[in-house]
Amino acid sequence: MAGTSGSVWGGCCQIHTLWVDGPHRGHGLARERMAEAEATARRRGCRLVMCPTYDVLTSGFYDRLGYQTVGIIEDCPAGTTTRWYRKDL
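Criteria and cut-off values
- Residues numbered from 1 in each chain as written.
- Predicted model: local features only at pLDDT ≥ 70, side-chain atom pairs only at ≥ 80, totals over all residues.
- Heavy atoms only, no water.
- Helix = DSSP H or I, 4+ residues; strand = E, 2+ residues; numbered from the N terminus.
- Rg over C-alpha atoms; globule rule 2.2 N^0.38 Å.
- Contact = heavy atoms within 4.5 Å.
- Lys, Arg positive; Asp, Glu negative; His and termini not counted.
- Charge placed at Lys NZ, Arg CZ, Asp CG, Glu CD.
- Buried < 20%, exposed > 50% of the residue type's maximum accessible area, 1.4 Å probe, protein only.

### Here's the deal with the overall build of the chain
Inference 1: Across its full length, the chain carries 3 helices and 5 strands.
Inference 2: From first element to last, N terminus to C terminus, the chain shows the α and β order β-β-α-β-α-α-β-β.
Inference 3: Its C-alpha radius of gyration of 13 Å places the chain within 12% of the 12 Å reference for a compact globule of 89 residues.
Inference 4: Referenced to the eigenvectors of the C-alpha coordinate spread, the extents of the chain come out at roughly 35 × 30 × 20 Å.
Inference 5: Pairs at least 24 apart in sequence give 51% of the contacts found in the chain among residues at least 6 apart.
Inference 6: Treating the 11 positive side-chain charges of the chain as one cloud and the 9 negative ones as another, the clouds have centres 7 Å apart.

If you want it as structure tokens, here you go:
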């Protein structure tokens, strides 16, 4: 139904993938997965979480969770924006 993949290195946690199956979207599963990822990162001594994503897929999701945009590449891939986010723990 939903999953998260990431890595921890040098006091940072990088979220590689956050995925929720279509029929299960809109029920808080992505929020729950991110809360668990942040809790795991804290337990492992991380000071921040970062993740690259695409505006076409996330439409402000990370902003609503308190993440800050720290990098942008417009029209990459074509028609959307690649955005890097970070959140201090």
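Additional details are given in the paragraphs that follow.
### Focus: the environment of T69
Inference 1: Topologically, T69 is positioned in strand 4 (residues 68-73).
Inference 2: Since its relative accessible area comes to 34%, T69 is described here as partly exposed.
Inference 3: For the pair T69 and A2, spaced 67 residues apart in sequence, the C-alpha separation works out to 24 Å.
Inference 4: Once you skip the residues sitting within four places of it in the chain, T69 turns out to touch D63, R83, W84 and Y85.

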